[in-house]
Amino acid sequence: MLDYGFPLDRLVQALKYGHRLSVSRLFVEMLAAQAAPEADLVIPMPLHVSRLRARGFNQAAELARPLARRWGVPVALDGVARDVDTAPQAGLPWKARAANVRGAFRVTAGVEGLRVVVVDDVMTTGATLAELARSLKGAGAASVENRVLARTPKPG
């Protein structure tokens, strides 16, 4: 996992906000350089339908699809719904982020007894990934592993 800082932050922003989907190929190569997970299913971090509509694509899905293919593991692009249109985590204080995403996810895929890998681009506090993992485990997933490209260093 890399630090979310220059120049990686600019590349992530180019993908997410500049619609530079070609950047996702580089990110897939970087994530694929890690050892393949022992997994039964790959799920991308879902976006709320309004954010998906505004952006036009889910950057996590753009990473998850080719990674799952490389790993030889099925991907459930619609395996989890983000029912709550939460405020963007980036605009919140670190301590408010867990409350912001509490109850935001609904598992739609059959995950009972499966080892699930969640793919996302950037992790800041880990609150969103933790809440999604809680939802997946609540739906019966045997384990949940997160694969992210970068992590935001803690302030200070």
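Counting starts from 1 at the beginning of each chain's written sequence and moves along it residue by residue. Owing to the predicted nature of the model, reporting of local features is limited to residues with pLDDT of at least 70; listing and counting of side-chain atom pairs is limited to 80 or more, with chain, interface and lining totals taken over all residues. Each side-chain value is worked out from all heavy atoms of the structure, with water and hydrogens disregarded.

J.: Sorry if this is basic, but what is going on with the packing of helix 2 (residues 23–32) against helix 4 (residues 59–71) here?
T.: When two helices pack together, their arrangement is given by the angle between the helix axes and the distance between those axes. Helix 4 packs onto helix 2 with a crossing angle of 45 degrees between their chain directions and a minimal axis gap of 9 Å. By the angle between their axes, helix 2 is oblique relative to helix 4. For helix 2 against helix 4, the interelement crossing comes out right-handed. Touching Ser 24, Phe 27, Val 28, Glu 29, Leu 31 and Ala 32 of helix 2 are Glu 62, Leu 63, Pro 66, Leu 67 and Arg 70, all from helix 4. By the convention adopted, Pro, Cys, Tyr, Trp, Phe, Met, Ile, Leu, Val and Ala count as nonpolar, Lys, Arg, Asp and Glu as charged, and the other residues, Gly among them, as polar. Its residues assigned to classes, the contact of helix 2 with helix 4 shows 7 nonpolar, 1 polar and 3 charged. Axes, fitted as lines to C-alpha atoms, cover a helix only where it is in contact. Angles between the N-to-C directions of the axes lie from 0 to 180 degrees. The helix count covers DSSP runs of H or I at least four residues long, the strand count covers runs of E at least two residues long, and both are numbered beginning at the N terminus. Each angle receives one of four descriptions, namely roughly parallel if under 35 degrees, roughly antiparallel if over 145, roughly perpendicular if within 65 to 115, and oblique otherwise. Take the far helix as your reference; a near helix turned counterclockwise from it by less than a right angle gives a left-handed crossing, and one turned clockwise gives a right-handed crossing. Contacts were defined at the residue level, with two residues in contact if any of their heavy atoms lie within 4.5 Å.

J.: What exactly am I supposed to notice about helix 6 (residues 127–138) here?
T.: An α-helical turn contains 3.6 residues, so any two residues separated by three or four positions project in the same direction. Any helix carries an expected span of 1.5 Å times its number of residues minus one. If you check helix 6, its first and last C-alpha atoms are 16 Å apart, about what 12 residues at 1.5 Å a residue would give, namely 16 Å. Exposed residues in this analysis have more than 50% of their type's maximum accessible area, buried residues have under 20%, and partly exposed residues fall in between, with area computed by a 1.4 Å probe over protein chains only. For helix 6, the set of buried residues is Ala 127, Thr 128, Leu 129, Glu 131, Leu 132, Ala 133, Ser 135 and Leu 136. The inward-facing, buried residues of helix 6 abut strand 2 (41–44), strand 3 (80–82), helix 5 (97–101), strand 4 (105–107), strand 5 (115–123) and strand 6 (143–151). Looking at the residues trailing helix 6, positive phi occurs at Gly 140, about 105 degrees.

J.: When you look at the confidence of the model for the chain in this model, what are you seeing that I'm missing?
T.: Per-residue confidence from the predictor is reported as pLDDT, which spans 0 to 100. When pLDDT is averaged across the chain, the result is 93; 99% of the residues are at 70 or more. Within the chain, strand 2 carries the highest mean pLDDT (98), whereas helix 5 carries the lowest (84).

J.: Even after reading the chapter, I still don't get the pairing of strand 5, so can you show me in this structure?
T.: For a regular strand, side-chain orientation follows a simple rule: the groups alternate between the two sheet faces. Burial within strand 5 is extensive, with 8 of its 9 residues counted as buried. In this scheme, strands are said to pair when DSSP sees at least two bridges between them. Here 4 bridges tie strand 2 to strand 5, and the two strands are oriented parallel to one another. Residue pairing in the sheet places Ile 43 in a bridge with Val 118 of strand 5. Examined bridge by bridge, strand 5 and strand 6 share 8 bridges and lie parallel to one another. Within strand 6, the position partnered with Val 118 by the bridge is Asn 146. By the criterion used throughout, a crossover qualifies as right-handed when its path from the first strand across the helix to the second strand runs clockwise, the strands pointing away from the viewer. Of the crossover connections in this fold, the one passing from strand 5 over helix 6 to the parallel strand 6 is right-handed.

J.: I would appreciate a short explanation of helix 2 in the present structure.
T.: Listed as buried for helix 2 are Val 23, Ser 24, Phe 27, Val 28 and Leu 31. In an axial view of helix 2, the angular spread of the buried residues amounts to 140 degrees, which keeps them on one side of the axis. Packing partners of the buried residues in helix 2 comprise helix 1 (8–18), helix 4 and strand 6. Note that the arc is defined by the directions from the helix axis to the C-beta atoms.

J.: I would appreciate a short explanation of the nonpolar core in the present structure.
T.: Across soluble globular proteins, nonpolar side chains show a tendency to be buried alongside one another. Grouped together as the largest cluster of nonpolar side chains are 21 residues, with contacts concentrated most on Phe 27, Val 42 and Val 119. Ranked by the residues each element gives to this core, the list is headed by helix 4, at 5 residues. Throughout this description, the term nonpolar core refers to a set of buried Ala, Val, Leu, Ile, Met, Phe, Trp, Tyr and Cys residues connected via side-chain atoms within 4.5 Å.

J.: How do you make sense of the sheet that holds strand 2 when you look at a structure like this?
T.: Across a sheet, strands are paired by hydrogen bonds formed along the backbone, either parallel or antiparallel in direction. Strands sit in the order 1-6-5-2 across an open sheet of 4 strands; the sheet is parallel. One side of each edge strand has no neighbouring strand; the edge strands of this open sheet are strand 1 (2–3) and strand 2. Those strands touched by helix 6 are strand 2, strand 5 and strand 6, and its axis lies near 165 degrees from that of strand 5.

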